[in-house]
Amino acid sequence: MTSIQERTDLLNKIGLDAQNKASLGAVLGTGNIGQATEGPDGRLHATVRINPDELTWDPSIVVMPHEGDLELELINDDRNTHCALLPSNGDRKFIWLVNHSRGRATLNLDGPGYYWFSSPTGNDEGRGLTGAIVVLGDAPPEARLDRPPQPRP
């Protein structure tokens, strides 16, 4: 768990607290922030869970330091059934999470930005079961607009 001050400090360190940094800003106002860790194989790893009776992903923001493959473990500790609709290049991934279960998804996110994930079962999204995966970095040269350099913060 992160305290409010730790959350604020981490948002500032990563660049999620201001416009034109990592672009997310403070869109997701609740929940914890987690950072994906890189394994020896170069693949990033992270875990998110649904805690009992909270109806939020924990962490609700997963930060990837760069683009690539993310091995995401999802744990449903809740007494209700949920699911996960996850972003990935090529096609979205869907995992059904019955109560007290876990699942794994391998996602490929090959560009910087933020990618939303949620549980579209019932009204889970409307009640707060949404999250984001933030991929840090800048657009590759071939994807940039042909225009004069812009001021950067």
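Just so you know, these numbers come straight off a predicted model, no measurement behind them.

(A) Structural detail: the pattern of salt bridges. Following the criterion strictly, the structure yields 5 salt bridges and no others. The residue Arg-43 makes a salt bridge to Glu-71 at a minimum N-O spacing of 3.3 Å. Highlighted residues: Arg-43 in the loop between strand E2 (37-38) and strand E3 (44-50) and Glu-71 in strand E6 (residues 68-76), separated in sequence by 28 residues. Across the salt bridge formed by Arg-102 and Glu-73, the nearest N and O atoms sit 2.5 Å from each other. With Arg-102 in strand E9 (residues 101-109) and Glu-73 in strand E6, this pair connects stretches of sequence that are 29 residues apart.

(B) Molecular detail of the packing of aromatic side chains. Taken as a whole, this structure holds 3 aromatic pairs when the rule is applied. When the centroid spacing of 5.5 Å and the interplanar angle of 90 degrees are considered together, the rings of Tyr-114 and Trp-116 count as edge-to-face. Of the residues examined, Trp-116 reaches a relative accessible area of 40% and is grouped as partly exposed.

(C) Fine view of the nonpolar core. Counting 24 residues, the largest nonpolar core has Trp-57, Met-64, Leu-70, Leu-72, Leu-74, Leu-86 and Ile-133 as the members making the most contacts within it. When residues of this core are traced back to their parent elements, those giving at least two are E3, strand E5 (61-64), E6, strand E7 (82-86), strand E8 (93-97), E9, strand E10 (113-118) and strand E11 (130-135). For this core, the element with the most residues is E3, which contributes 4 residues. Excluding anything up to four places from it in sequence, Leu-86 contacts Leu-72, Leu-74, Arg-92, Lys-93, Ile-95, Ala-105, Leu-107 and Phe-117.

(D) A look at a nonpolar patch on the surface. Together, Phe-94, Trp-96 and Val-98 line one region of the surface with nonpolar side chains, adding up to about 320 Å² of accessible area. Positionally, Trp-96 belongs in strand E8.

(E) The arrangement of the environment of Cys-83 in detail. For Cys-83, the position within the fold is in strand E7. Separated by 36 residues in the primary sequence, Cys-83 and Ser-119 have C-alpha atoms spaced 5.0 Å apart. Not counting chain neighbours up to four residues away, the residues in contact with Cys-83 comprise Trp-57, Phe-94, Ile-95, Trp-96, Leu-97, Ser-118, Ser-119, Pro-120 and Thr-121.

(F) Spotlight on the pairing of E11. Among the 6 residues in E11, 5 count as buried, and that is most of the element. With 4 bridges connecting them, E5 and E11 associate as parallel partners. For Met-64, the partnering residue across the bridge sits in E11 and is Val-135. As defined by bridge partners, E10 adjoins E11 across 6 bridges and the pair is classed as antiparallel. Note that in E11 the partner of Trp-116 across the bridge is Ala-132.

(G) Geometry of the environment of Arg-144. Assignment of secondary structure puts Arg-144 in the segment after E11. Those residues in contact with Arg-144, other than ones at most four positions away along the chain, are Asp-138 and Ala-139.

(H) Representation of the pairing of E9 within the structure. Only one face of E9 is covered, namely the face carrying Ser-101, Gly-103, Ala-105, Leu-107 and Leu-109; the face carrying Arg-102, Arg-104, Thr-106 and Asn-108 is uncovered. Where E6 and E9 come together, 9 bridges link them in antiparallel fashion. Bridging from a neighbouring strand, Gly-68 pairs with Leu-109 of E9.

(I) Quick look at the side chain of Ser-118. Along the polypeptide, Ser-118 turns up in strand E10. Owing to a relative accessible area of 8%, Ser-118 belongs among the buried residues under this scheme. Discounting chain neighbours no more than four positions away, the residues touching Ser-118 are Trp-57, Cys-83, Ala-84, Leu-85, Glu-125, Leu-129 and Thr-130.

Here is what the cut-offs are and how they apply
Residues numbered from 1 in each chain as written. Predicted model: local features only at pLDDT ≥ 70, side-chain atom pairs only at ≥ 80, totals over all residues. Heavy atoms only, no water. Salt bridge = Lys/Arg side-chain N within 4 Å of Asp/Glu carboxyl O. Helix = DSSP H or I, 4+ residues; strand = E, 2+ residues; numbered from the N terminus. Phe/Tyr/Trp six-rings, centres within 6.5 Å; stacked < 30°, edge-to-face > 60°. Buried < 20%, exposed > 50% of the residue type's maximum accessible area, 1.4 Å probe, protein only. Core = buried A, V, L, I, M, F, W, Y, C linked by side-chain atoms within 4.5 Å. Contact = heavy atoms within 4.5 Å. Patch = residues over 30% accessible without salt bridge, like charges linked within 9 Å, V, L, I, M, F, W, Y side chains within 5 Å. Areas by Shrake-Rupley, 256 points an atom, 1.4 Å probe, with all protein chains shown as cover. Pairing = 2+ DSSP bridges.

These figures come from the coordinates and say nothing about function on their own.
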